[in-house]
Amino acid sequence: MSQFSCQTLLDTSIASLRDVVCDGSCRGKSGEECAHRTSLVYPYRGVFMRHVGKADTVAESNQVIFFNRGEDYRVSHPVEGGDACLDVQVDEAVLSELAPKEQLRSGALASFKRPRRRIDPRAQALVALLRYSLHRGVAETLEAETMTLTLIRRSLGERTSHSAATTYGREKLVDRAKLVLSSDLARRWTLAEVATEVGVSPVYLTQMFQQVEAMPLYRYQLRLRLARALDLLGSCRDLTALGLDIGFSSHSHFSASFKQAYGRTPAEFQRALHLR
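Residues numbered from 1 in each chain as written. Predicted model: local features only at pLDDT ≥ 70, side-chain atom pairs only at ≥ 80, totals over all residues. Heavy atoms only, no water.

A.B. asks: Whenever I open this one, the sheet that holds strand S8 (residues 72–76) confuses me. Can you help?
C.D. replies: What links the strands of a sheet is backbone hydrogen bonding, and the strands pair in either a parallel or an antiparallel sense. In spatial order, the strands read S3-S8-S5-S6; together these four strands make up an open sheet with antiparallel pairing. In this open sheet, the two strands that pair with only one neighbour each are strand S3 (33–34) and strand S6 (55–59). Bridging between S3 and S8 involves two bridges; their strand directions are antiparallel. Within S8, the position partnered with Cys34 by the bridge is Asp72. (Pairing = 2+ DSSP bridges. Helix = DSSP H or I, 4+ residues; strand = E, 2+ residues; numbered from the N terminus.)

A.B. asks: Explain the pairing of strand S9 (residues 83–90) here, please?
C.D. replies: Note on strand geometry: in a regular strand, side chains alternate between the two faces of the sheet. Within S9, eight of the eight residues are buried, which leaves the element mostly enclosed by the surrounding structure. The alternating pattern of S9 places Asp83, Cys85, Asp87 and Gln89 on one face and Ala84, Leu86, Val88 and Val90 on the opposite face, and all of these are buried. Note: strand S2 (residues 15–22) against S9, eight bridges, orientation antiparallel. By the bridge assignment, Val21 is partnered in S9 with Ala84. Direction of pairing for strand S4 (residues 39–46) relative to S9: antiparallel, over a ladder of six bridges. Bridge pairing in S9 links Leu40 to Val88. (Buried < 20%, exposed > 50% of the residue type's maximum accessible area, 1.4 Å probe, protein only.)

A.B. asks: Help me out: how do you make sense of the packing of aromatic side chains in this one?
C.D. replies: One pair of aromatic rings is described through two measures. These are the centre distance and the angle between the planes. Per the counting criterion, the structure on display carries seven aromatic pairs. Where Phe67 meets Tyr73, the ring centres are 4.9 Å apart and the plane angle is 85 degrees; that geometry is what we call edge-to-face. Residue Phe67 shares its accessibility class with Tyr73, and that shared class is buried. Here the aromatic cluster, defined as three or more aromatic residues joined through ring pairs, consists of Phe248, Phe254, Phe258, Tyr262 and Phe269. Here Arg50 stacks its cationic end above the ring of Phe67, 4.6 Å away from the centre of that ring. Above the face of the Tyr44 ring, Arg131 is positioned so that its terminal group lies 3.6 Å from the ring centre. (Phe/Tyr/Trp six-rings, centres within 6.5 Å; stacked < 30°, edge-to-face > 60°. Lys NZ or Arg CZ within 6 Å of the ring centre and 35° of its normal.)

A.B. asks: Explanation requested: helix H9 (residues 251–262) in the structure shown.
C.D. replies: In an α-helix, one full turn covers 3.6 residues, which means residues spaced three or four apart are oriented alike. Over its 12 residues, H9 runs 16 Å from end to end, which matches the ideal 16 Å to within 8%, given 1.5 Å per residue. Turning to H9, its buried residues number three or more, namely Phe254, Ser255, Ser257, Phe258, Ala261 and Tyr262. Gly263 sits one or two residues past H9 and shows a positive phi near 85 degrees. (Expected span 1.5 Å × (residues − 1).)

A.B. asks: Can you help me understand the packing of helix H5 (residues 191–198) against helix H6 (residues 202–213) in this one?
C.D. replies: When two helices pack together, their arrangement is captured by the angle between the axes and the distance separating the axes. At their nearest, the axes of H5 and H6 sit 9 Å apart, and the two run at 85 degrees to each other. The angle between H5 and H6 falls in the class roughly perpendicular. Residues Leu191, Ala192, Val194 and Ala195 of H5 touch H6, and the partners they reach there are Pro202, Leu205 and Thr206. Broken down by class, the residue content of the contact of H5 with H6 amounts to six nonpolar, one polar and no charged. (Axes fitted to C-alpha atoms, helices over the stretch in contact; angles between N-to-C directions. Parallel < 35°, antiparallel > 145°, perpendicular 65-115°, else oblique. Contact = heavy atoms within 4.5 Å. Nonpolar A, V, L, I, M, F, W, Y, C, P; charged D, E, K, R; others polar.)

A.B. asks: Would you mind showing me how to read the environment of Ser96 here?
C.D. replies: The residue Ser96 is located in helix H1 (residues 92–98) in this model. Sequence-wise, Ser96 and Ser111 are 15 residues apart; in three dimensions their C-alpha atoms are separated by 8.8 Å. If near-sequence neighbours (up to four positions away) are discounted, Ser96 is found in contact with Lys101, Leu104 and Ala110.

A.B. asks: Got a minute to help me understand the sheet that holds S2 in this structure?
C.D. replies: With respect to topology, seven strands assemble into an open sheet ordered S1-S2-S9-S4-S7-S10-S11, the strand pairing being antiparallel. At either end of the open sheet lies a strand with only one pairing partner, and these are strand S1 (4–11) and strand S11 (161–162). Packed on one face of the sheet, helix H7 (residues 217–232) meets S4, strand S7 (63–67) and strand S10 (116–119) and runs near 90 degrees to S4.

This is how it looks when you write it as structure tokens:
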């Protein structure tokens, strides 16, 4: 059985935030669990799969995963290395007010129709800022609650997130490509290599990925690498080595890509974390 730790970072009447880390040592499906509250789960390291009935969802750092109250699920780790997530729960009345009605199921419970949404870089940065600030005890409760509501609003906004509107079969194909990319972030995959791993032609893969995720495969890989950088910046002392370790060709390439995504260079983001 996989070993995991769970640290409560914030617990108020409005919001509860937990940092959950799992070593992923159990690669098969876990025993069945049930979500007692609706949660928005933000993976920030590694990857796992969530299984609800016959539906499978790949959970990685470009996504927010919805765990609905009263829903049974299992978890597996198809890629080595385990995972770490920020688990966010808010008062159901607050969630119902924040979430667009078309994203929620009808009924008394605040539960989501779809299993996930793709989040944008600013939402990823908010996840990192929340974690670092709360771990170091430098965010006051009011600030942390406000940042949490901003994160949720951004994660559900039509302009700042994306929900795949396609067939389940196409999502499964794209999920296989995501697992390939997540298995080795530093590897400079070729399109032919990824397509071979997925079992389709390169042309078909690029078409399906664009349809499902509304972005090219290479850009999705870039976002995965940058999210890994966000996770490591708090303890990193050599930014050049960090960039090379996660697959960038040079420090300038890493710095320019990071700034384009998050509005700051890695050094500026790191200084902001330490100043806080």
